[in-house]
Amino acid sequence: MKGTNIGEFEELVLLTIGALHPQAYGVSIKNEIAAFTGRSVTLSTVHSALNRLENKGLVTNHMGEATGKRGGKRKKYFIITSFGVKTLTEARAQREAIWNLIPDAAFKVNLT
Amino acid sequence: MHQGKYHTPPILAQRFLRWFCKPALVEDIAGDLEEDFNDFVTDYGLGRARYKYWLAVIRFLKPFAIKKIHITTTQTIMFKNYFKTSIRSIARNRLFSAINIIGLAISMSVCLLMISFISELFSYDKFHENPDRIHRVISYEQFLQNEPQGVAATSILTGKRLQAEVPGIEASVILNRRFAGDASFQNKTVSLKGLWASKSFFEVLSGFTLLQGNAETALLSPNSVVLTEEAATRIFGTANAMGQTIEIRSIPFTVTGIAKQPPFNSHISFEALGSMVTYENMLKQRSKSGNWLKWTNVGNDYVYLLLDEGTEPGSIQASLDKMSEEENLKIDRFKIYPELQALTSIMPGPALSNNIGKSMDSSILSTLFILTTIVILCAAFNYTNLSVARAFKRSKEIGVRKVVGANKGQIFWQFILEAIIISLTALCIAILLFYLIRPEFLNIDPMVQQATKMIATPALFAYFLVFSVFVGLMAGFFPAVHLSKLKSTNALKNAPGSGLLSRMNMRKVLVVIQFSLSLIFIISATISFKQYKYAVAFDLGYNTENILSVRLQGVDPTKVATAFEAIPAVNQVARSFDLNGLGNGDRTRVTLENSADSAYLYYNFVDENFIPLMEHKLLAGANFESRPGSREESIIINERTLRKFNIESPSAAIDQYIQLIRGPRLRIIGVVEDFVYTDISRNIHHFGFRYSNSRHNYINLKLNPSDLVRTMERVESAWNAVADGKEFQAEFYDQKLQSTYSQYATIYTIVGFLAFITISIAVLGLLGMAIYTAETRLKEISVRKILGASEASLVKLLARGFIWMLAIAALIAVPLSYYLFDSVVLSESVNRISIGITELFSGVLFIFLIGFVTIASQTWKTAKSNPAQTLRSE
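A brief structural summary. (Residues numbered from 1 in each chain as written. Chains lettered and ligands numbered in written order. Predicted model: local features only at pLDDT ≥ 70, side-chain atom pairs only at ≥ 80, totals over all residues.)

## Digging into the overall build of chain B
What counts here: Under the scheme used here, helices are H or I runs from DSSP no shorter than 4 residues and strands are E runs no shorter than 2 residues, and both carry numbers assigned from the N terminus. Burial is judged by counting the other C-beta atoms within 10 Å of a residue's own C-beta: 20 or more makes it buried, 12 or fewer makes it exposed, and any count in between marks it as partly exposed, with every C-beta position built from the backbone. By definition, residue pairs are in contact when their C-beta atoms, positioned from the backbone, come within 7 Å.
When helices and strands are counted, chain B shows 27 helices and 22 strands. Out of the 874 residues belonging to chain B, those deemed buried represent 38%. Counting only contacts in chain B whose residues sit at least 6 apart along the sequence, the fraction spanning at least 24 positions is 82%.

## A word on the overall build of chain A
Across its full length, chain A holds four helices and two strands. If you list the helices and strands of chain A from N to C, you get α-α-α-β-β-α. Looking at chain A as a whole, 29% of its 112 residues are labelled buried. Considering only residue pairs separated by 6 or more positions, chain A has 47% of its internal contacts joining residues 24 or more positions apart.

## Notes on the environment of B:S626
Along the chain, B:S626 turns up in the loop between β16 (618-621) and β17 (634-638). Placed 17 residues apart in sequence, B:S626 and B:N609 show a C-alpha to C-alpha distance of 8.8 Å.

## Side note on helix α9 (residues 276-286) of chain B
Each α-helix winds once per 3.6 residues, and so residues spaced three or four apart point in a common direction. Residue and element names in this part refer to chain B. The cut-off we apply is this: The arc under discussion is defined with respect to the helix axis, by the directions toward the C-beta atoms.
For α9, the complete set of buried residues consists of M276, T278 and Y279. Take α9 and look down its axis: the buried residues cluster within an arc of 160°, on one side only. Those residues of α9 that are exposed and aimed more than 90 degrees away from the buried face are K284 and Q285. At its buried positions, α9 is contacted by β3 (169-185), β4 (188-197) and β9 (272-275).

## Comments concerning the interface of chain B and chain A
For clarity, the threshold we go by: Throughout, the ten residues Ala, Val, Leu, Ile, Met, Phe, Trp, Tyr, Cys and Pro are labelled nonpolar, Asp, Glu, Lys and Arg are labelled charged, and all others, Gly among them, are labelled polar.
Contact residues are listed per partner, giving 18 residues for chain B and 15 residues for chain A. Examining the composition of the side of chain B that touches chain A, we find that 11 residues originate from one element, helix α2 (residues 23-44) of chain B, more than from any other. Considered class by class, the residues forming the side of chain B that touches chain A number six nonpolar, four polar and eight charged.

## Regarding the nonpolar core
All names here are of chain B. The condition is simple: What makes a nonpolar core is a set of buried Ala, Val, Leu, Ile, Met, Phe, Trp, Tyr and Cys residues, with links drawn between C-beta atoms within 7 Å.
Membership of the largest hydrophobic core comes to 96 residues, with the highest contact counts inside it found for L104, M108, F515, L519 and L766. Secondary structure elements with two or more residues in this core: α5 (94-122), α11 (362-404), α12 (408-444), α14 (458-484), α16 (500-537), α23 (742-776), α25 (791-825) and α26 (837-864). Per element, the largest residue contribution to this core is 20 residues, and it comes from α23. Among residues more than four places away in sequence, those in contact with M108 are I376, A426, L427, A430, S468 and V471.

## A short note on the environment of B:L548
Mapped onto the elements of the fold, B:L548 is located in strand β12 (residues 547-551). In this view, B:L548 contacts B:L701, B:L703, B:V715, B:A730 and B:F732; residues no more than four positions away in its chain are not counted.

## Digging into the packing of helix α1 (residues 8-20) of chain A against helix α2 (residues 26-37) of chain A
Residues and elements named next belong to chain A. For clarity, the threshold we go by: Note on method: axes are straight lines fitted to C-alpha atoms, helices fitted across the in-contact stretch only, with angles between N-to-C directions ranging 0 to 180 degrees. Here roughly perpendicular refers to angles of 65 to 115 degrees, roughly parallel to angles under 35, roughly antiparallel to angles over 145, and oblique to all remaining angles.
At their nearest, the axes of α1 and α2 sit 10 Å apart, and the two run at 105° to each other. In terms of their interaxial angle, α1 and α2 are classed as roughly perpendicular. Note on element contacts: α2 touches α1 through S28, I29, E32 and I33, opposite L12, V13, T16, I17, A19 and L20. Broken down by class, the residue content of the contact of α1 with α2 amounts to seven nonpolar, two polar and one charged.

## Some thoughts on unusual backbone geometry
Across the junction of A:H21 and A:P22, the peptide omega takes the value 5°, indicating a cis bond. Mapping A:P22 onto the fold places it in the loop between α1 and α2. In this structure, the amide linkage connecting B:M347 to the following residue, B:P348, adopts the cis form with an omega of -10°. Mapped onto the secondary structure, B:P348 falls in the loop between β11 (334-342) and α11. Even without being a glycine, B:E615 presents a positive backbone phi close to 60°. Assignment of secondary structure puts B:E615 in the loop between α18 (610-614) and β16. Residue B:E615 is classed as partly exposed on the basis of its 13 C-beta neighbours within 10 Å.

As structure tokens, then:
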């Protein structure tokens, strides 16, 4: 079950694609992640992650219209596949299950 | 935010991206990057954005984005295939491959020699810190309207004026080459060779460094000397030399520095450096009139400049021109033009006299370069010739390749590769040959030996490799182009392409060129050998047999003379300043008293025994008489000088007076017959024998020729008894003469060797062509034989074409080499051989003979073959 395990950054990208739907493409994903997390993200990392997600079948893409801003090149829009949605929900469910297991005492950190 | 002008990202970066990126991804990635780029431009400005774009492109060099490489694998497979077929074809045609490899190897060995020689010469003087900012001032001297003579030296005045007046010079140093002599410390005496150098020596010539002492002050004060490490150990042994006092030519010097040994590839070398101030003080004492600071005092002083960064040598040259204009006005009949010479063009450089150290004439270098190029071209011609000839046989292979789908480029590279494999194999043999002939080459001429060591370095081997690949390309280019052009249908039909016939003619032209060159070389070798023999046997006007010249090296002449006179086999003993006929000589300006005429008079200081010993013929007057004291009173001149001063007869000259410029007034007491004083290639000079009993460098012995070996031993032991440890340096006069004319010997050795090589190569080529012709015409010959042709007529038929080529080659080469020697090489020489039929045609005959034997051996074999056998195997 190789496809079901996704990394932290991959998950972030996948979520952003969902959030930007249907306008998710390289630059917008990059800018969105940067805005949300405050990390500086490079295009190549985003593309590399998108490539991996696509290989795992979590996203699919279609080419958009050409715009002058990109020197006449078309945008590649990404959409989450149903498998991608499933993976995301599973991941969320797993986390929430674990969250629920954490006793309250564990978060009472003594600051002194 | 997205307003304003639209910007395109760096084009080179985009191209780079497109080059490495997968085609499926490239549109999206490029688009995203471009969008990002425009955001960057608004945020950071164009410059930073471009930089960031580049960075972003480079970040995409990740496995997911990079193209998969497929093409290279097919390329390596094809390369392997070319390699395999090349090796097979070389192995199949063993004879032709051997001819090619041997020819190339022989000529390449000569080229390797040349490469190592040239690369070593060009490494000269590069060890200084700023070699391109260092310049030397040289001079061109012109007397009246004569041809200006180049001198490596300049006057001290030029150096001083440059220092004082001309801007743009960071530092300059004045050197003088007359700092040599015996250095004594306590009881030890060692002879040193060195230079007088002014204080900035180590600043200008920064490649010379001090191991001990301060480079800035070492040559500052009077009576200081800097010794090289090696010289210091010779004098002081292991003891510390710094601060010690040594005596050089009875002047005390304090050692203020120990210098590192000057590198071999420096045109300046020294064992000791004396401070220039000392020398200047000496000069000031010697001549109160300030003669040494004269503009015309060019001979032994050298000026080196370190220009400021950014100073154009042209601006310094302009100042020099202005200076010479001013100074030349002050002098009569004589003009001196100083010129700036870059340090890097000294070695090799123009031919100059009065060199400070080693020198290598760049014209010699270019001559050698041209000769070796000719040799390698000859070998390349062989390859081209034989390959094109054999193209006929390989056309089927090419046809099949083309039908299977090979394109022109692939066929081309296959044949180039074959040529390169041949030339690399030749290189291996050539390197062996290189080691064999290297010692011979170094011994050819003292100048070569002085200037180079030819040690094989890795860089040198890299040059060799590059050179051999280049030779392969050169030799293989024409056949490769020709063969790759063949049409597959023609090639398979075995019909030669339309161009092949014209190429047959080109091949003939190449053979003719090869043989013309071989002929020129062999004729040149013969002529220069004759000239050498002639020069050595020339009647010089005095006797040279059984005369032993011993170098005095500062040992007291009287003591040595007494010791030698005691030996019974020594018939006569005479002392002299210099030896006649060895190419150099000292001269001075003289005038005849009561006459306006002046002349340059060459002179030699001798004692009263010299003229009888050398058997000079006195035409009038008498020989010198033994006389104590250093005052000079008399002179014996030659006939040439008489004519110069319009004195009718030798006896009329007696008791006239000759005034030496800056010298004494001398009475003519005798006249000798003309003889060769400098060397035979030049006219006889005005000459005078001057009498001295102290200024002698040589002691000449007339020996009884009966038992020379024993006599030599006795002379040497007599020398050792009086010379306090000085080495015995003696040479027979005629041997010394021979070495003077060694330039002719050098020419004939080099040219003779090249002749040998080009002849071998040309003969190899001829052999290849003869074999090929015989093979391809085998069937024709057989048919002719069956129809009744005699063997002799068949040989004639086959050989006729080659004989024609040889004849044309001779027609080209003979007049050309006659012209070369008659009007170029020997035209300056006064005493020379006349070039006759023997000189010109002995070489031609020799080559014809070799060529004929080569052709005949092959054609005879073919003519003798059994026609039934050849025709049956159809």
